[in-house]
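Fold and contact review
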Amino acid sequence: MKIAFSVLITLAAATLLPATAATKVASYEQAQTRLTDDGYLVFLYGQGWDKRAQSMMTELYNNPEIARAAGNAAMILAGFPEGTDETRKPVLEKTMGKLAVPHVHSRHSFPAIVMYDKAGRQTSIISGPAMTYPDAARIARIISVRLAGMARQRQLIDQANAASGQERARLLLEASRVPNLERPDRVQQLIKEADPEDKSGCLAALNFYNHALGEKEKDMNLSEILVEMDKAIANPLHTVQQKQNACAYTIGTIRRHAGASGSELIRKYALLMKQLDPDSVLGRSADIVIRDWTHGLQFARGWTPGTLPIKGQPTELQGKLSIREVGTYKLHFKPTGGDKAIITRVALYDGETLISEDVRTTAIADNGQDHYYTLTAPASLQNPRIYITCGNEENDRNTYGKFSITKD
């Protein structure tokens, strides 16, 4: 009974596997008689100088699960010699035929499984961490997903070839965005030909890395730069990665222009960068940015040119605040040097809830006056927070001072 049950399980599992499997061939030339849209998978290792990789890649090449995942592709096992070994180069050239070996100084590492389409164009490469201690099941899943991506890219290119103008440009852009696949050949030129004035914005989106401001940025203030970066981050043609790059660039720009005084803005873009993709490198780095670059205003340290908030940006006053009980409180600003600090609003919150605010513009200068803003707590506070908004321009921040709180 147990044997019969095992047979049934085996048969059921078999029905879930692809009906086809890749074909192993010794060379590019042998692959030509059985070539399909799934193209080629070349298992590359260092011949004669990386024995571990040779053994590992041979094992992967012969793994049935990987052969099934590779669909109808032609699988080739190829070893490339050291650069000084001229005797083995002809063997590699014969094995690879018209398939180009990825450049040894490219961002890829070896050993690697290199994927090519039917025309011999490199479409993807599996290398790096996945190949350090490769798990055959994981490699099989990667191959399967990328073959599906190749099919999707072919479909988009076919649709683009049947379209024109902005629609053709949009389809070509989408074809260049298939995850972990190389862009179609000449895609930039093809988009430009389809939409010469880039009315669709596809060419700009294709070429966008982290900003599109160019030389004009040097004549822009921070507020103007942020307006343009917000547009880039909101652009629906930009990928998540491009939007994260824009967030990272914006964070760096705020840091250069405003230092610690840009803490609230830095926090804003860091949180957005994390929200876009928490598991990416930039997403994970957001917590470090917040930890190290968002000290902001410190109640115990007062304000300086480097911590004075950016004009119009409400900034939290960090530290232990002596506001808990019901009553009226005064936040005092005591200048200790430099020029005036312009305060436009002070607000009291309990957590995220606004409790009280004092909105008026005051030049906090050392003129013998007691400069303070009044806040009222009608009930006891669980999490008192104070936000200060300043009105100093970018080039008018030479001011120093201290904070204190008194209760009437």
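Look above for the structure.
The structure reproduced in this document is the subject of the present report. (Residues numbered from 1 in each chain as written. Predicted model: local features only at pLDDT ≥ 70, side-chain atom pairs only at ≥ 80, totals over all residues. Heavy atoms only, no water.)

**Concerning the pattern of salt bridges**
Tallied over the entire structure, the rule returns 16 salt bridges. Of the charged contacts in the structure, one is a salt bridge between lysine 218 and glutamate 215, with a shortest N-O distance of 3.6 Å. Among the residues examined, glutamate 215 registers a relative accessible area of 60% and is labelled exposed. For arginine 385, the salt bridge identified is with glutamate 352, shortest N-O distance 2.9 Å. Pair noted here: arginine 385 is in strand S12 (residues 384-390) and glutamate 352 is in the loop between strand S9 (341-350) and strand S10 (353-364), with a separation of 33 residues, a long-range link. A cluster of three or more residues bridged by salt bridges with shared partners is formed by Arg152, Glu167, Arg170 and Glu174. (Salt bridge = Lys/Arg side-chain N within 4 Å of Asp/Glu carboxyl O. Buried < 20%, exposed > 50% of the residue type's maximum accessible area, 1.4 Å probe, protein only. Helix = DSSP H or I, 4+ residues; strand = E, 2+ residues; numbered from the N terminus.)

**A short note on the pairing of strand S5 (residues 122-126)**
Buried residues dominate S5, accounting for 4 of its 5 residues. Relative to S5, strand S4 (residues 112-116) runs antiparallel, the two being bridged by 4 bridges. Bridge pairing in S5 links tyrosine 116 to glutamine 122. Linking S4 to S5, which pair antiparallel, is a turn of 5 residues; within it glycine 120 sits at a positive phi near 95°. (Pairing = 2+ DSSP bridges.)

**Digging into the nonpolar core**
Within the largest apolar cluster, 44 residues are counted, with the highest numbers of intra-cluster contacts made by Leu41, Phe43, Ile113, Ile143 and Ile191. Ranked by residue count, the leading element in this core is helix H7 (residues 136-161), at 9 residues. When near neighbours in sequence (up to four residues on either side) are disregarded, isoleucine 191 contacts Ala169, Leu172, Leu173, Cys202, Leu203 and Leu206. (Core = buried A, V, L, I, M, F, W, Y, C linked by side-chain atoms within 4.5 Å. Contact = heavy atoms within 4.5 Å.)

**Section: the side chain of serine 263**
Within the fold, serine 263 resides in helix H13 (residues 263-276). Since its relative accessible area comes to 2%, serine 263 is described here as buried. Excluding anything up to four places from it in sequence, serine 263 contacts Trp293, Thr294, His295 and Gly296.

**What to know about the pairing of strand S2 (residues 40-46)**
Among the 7 residues that make up S2, 7 are buried, leaving the element largely enclosed by the rest of the structure. Neither face of S2 is open: one carries Tyr40, Val42, Leu44 and Gly46, the other Leu41, Phe43 and Tyr45, and all of them are buried. Taken together, the 7 bridges between S2 and strand S3 (residues 74-80) define a ladder with parallel strand orientation. Bridge pairing links phenylalanine 43 to leucine 77 in S3. For S2 and S4, the ladder comprises 5 bridges, and the chain directions are antiparallel. Looking across to S4, one finds that tyrosine 40 is bridged to tyrosine 116.

**Overview of the sheet that holds strand S6 (residues 297-298)**
Read across the open sheet, the 5 strands follow the order S6-S7-S12-S9-S10; overall the sheet is mixed. Whereas interior strands pair on both sides, the edge strands pair on one side only; in this sheet they are S6 and S10. Relative to S10, S9 runs antiparallel, the two sharing 9 bridges. In the sheet register, alanine 347 faces S10, and the bridge partner there is glutamate 357.

**Regarding the packing of aromatic side chains**
Going through the model one piece at a time under the given rule, you end up with 9 aromatic pairs. Seen from their ring centres, tryptophan 303 and phenylalanine 333 are 5.9 Å apart, and the 55° between their planes marks the pair as tilted. Of this pair, tryptophan 303 sits in the loop between S6 and strand S7 (315-318) while phenylalanine 333 sits in strand S8 (residues 327-338), placing them 30 residues apart in sequence. The exposure class assigned to tryptophan 303 is buried, which follows from its relative accessible area of 3%. A ring pair is formed by tyrosine 349 and tyrosine 387, whose centres lie 5.3 Å apart and whose planes are at 70°; its orientation type is edge-to-face. Residue tyrosine 349 is located in strand S9, and its partner tyrosine 387 is located in strand S12; the two are separated by 38 residues in the primary sequence. Assigned by exposure class, tyrosine 349 and tyrosine 387 land together as buried. Counting every residue linked through ring pairs, the aromatic cluster contains Trp303, Phe333, Tyr373 and Phe403. Directly above the ring of tyrosine 249 sits arginine 256, whose terminal nitrogen or CZ lies 5.8 Å from the centroid. (Phe/Tyr/Trp six-rings, centres within 6.5 Å; stacked < 30°, edge-to-face > 60°. Lys NZ or Arg CZ within 6 Å of the ring centre and 35° of its normal.)

Geometric values such as these leave the question of function open.
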